[in-house]
Amino acid sequence: MRWLVLLSSLAMPVVSWLSQQGMLGPTNGEVSDRYPTLIVAAGYAFAIWGLIFLWDVVFGAWQAFSSRARQAPLAGVRPWAAAGFALTALWMPVFSQQLFWLALLIIWSALGCLLACALKLSTAREGTPGLTGWAWAPLSLHAGWLSLAAFLNTAQVIVAYRLLPTDAMLPWTLVLFAAAATLLLVANQRMRGNLPFAAAALWALAAVYVKQSGWTVPGSDTAARVAIAVAAVLAVQTVWLRLRAPARPAHA
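Residues numbered from 1 in each chain as written. Predicted model: local features only at pLDDT ≥ 70, side-chain atom pairs only at ≥ 80, totals over all residues. Heavy atoms only, no water.

To continue, consider the packing of helix 3 (residues 48-64) against helix 5 (residues 78-96). Helix 5 packs onto helix 3 with a crossing angle of 145° between their chain directions and a minimal axis gap of 12 Å. Note on packing geometry: the crossing formed by helix 3 with helix 5 is left-handed. When helix 3 is examined against helix 5, the residues Trp49, Phe53, Asp56, Phe59 and Gln63 are found in contact with a partner set consisting of Arg78, Ala81, Phe85, Thr88 and Met92. (Axes fitted to C-alpha atoms, helices over the stretch in contact; angles between N-to-C directions. Helix = DSSP H or I, 4+ residues; strand = E, 2+ residues; numbered from the N terminus. Left-handed = near helix turned anticlockwise from the far one by under 90°. Contact = heavy atoms within 4.5 Å.)

Once that is clear, we can look at helix 9 (residues 195-213). Turn by turn, an α-helix covers 3.6 residues, leaving residues three or four places apart pointing in a common direction. Helix length check: helix 9, at 19 residues, gives a terminal C-alpha distance of 26 Å against a target of 27 Å (1.5 Å per residue), a fit within 8%. In this structure, the buried residues of helix 9 make contact with helix 3, helix 6 (100-124), helix 7 (131-160), helix 8 (170-190) and helix 10 (220-244). By the N-cap criterion, in which a side-chain oxygen at the helix start approaches the backbone nitrogen of a residue two or three places on, helix 9 is capped by asparagine 194, the distance to phenylalanine 197 being 3.1 Å. (Expected span 1.5 Å × (residues − 1). Polar contact = N/O pair within 3.5 Å; in protein donor to acceptor, adjacent residues only side chain to side chain.)

With that settled, consider the nonpolar core. Counting 81 residues, the largest nonpolar core has Phe59, Phe85, Leu139, Trp145 and Leu146 as its most contacted members. When residues of this core are traced back to their parent elements, those giving at least two are helix 1 (2-20), helix 3, helix 5, helix 6, helix 7, helix 8, helix 9 and helix 10. Per-element tally for this core: the top contributor is helix 7, with 18 residues. Non-local contacts of leucine 146, meaning those with residues more than four positions away in its chain, are made with Trp49, Thr88, Ile107, Ala110, Leu111 and Leu114. (Core = buried A, V, L, I, M, F, W, Y, C linked by side-chain atoms within 4.5 Å. Buried < 20%, exposed > 50% of the residue type's maximum accessible area, 1.4 Å probe, protein only.)

This part takes up the state of the cysteines. A complete count under the given rule lists zero disulfides for this structure. Cysteine 117 provides the cysteine sulfur closest to cysteine 113, a residue in no disulfide bond, and the two sulfurs are 7.2 Å apart. Judged by its relative accessible area of 9%, cysteine 113 is buried. (Disulfide = S-S within 2.5 Å.)

This is the structure:
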């Protein structure tokens, strides 16, 4: 299983490069631009994938060659990580081919896998040296970004298939914002203020604010304000949870 995790972590940047070269169809950015929504983020925000992929590869290599003492907490994480990485890689060509329903299923499944990793490691890392920086942080960052990306993908499916009004998107967008806020706050609370998870979500929400505040699409100003409000609540919750958390041993 450790080699499967490593291989699937390497698959993500490789598939991403092929996708960005247009070798798998239109780039994800080109497809996304065809279906504008009130929850889409500014383009610069997607640069976080570079950090996510790099850190996940580091995790994949670290867990593959880690000592026996670190195997116990990793054993329950590896299947979820391998599945989450594989699904993340698979999502890119599927979305490029505009197989939107399948892409939606894939991204939500990937989110479930990465959230499972982050939740498990938020407890397991407390007694295992190295688990914080090499495993918990990269997988939590990935989960935090997908927590917003899944809702963006959901909004684009709604627009692509005109499941709900596309000339008045604000009402159903507010429902998506409420669902996203609930997911973020509940997960963050269970992980007692997960800094990488919250950081990725805050990065995404700030980019949503930047994009929506500069748009003329009806409802974009309100969407921008809601995004920054959710970000503020998440930031305050994270600080509060971290201040309340008991002191932990310092591990790399």
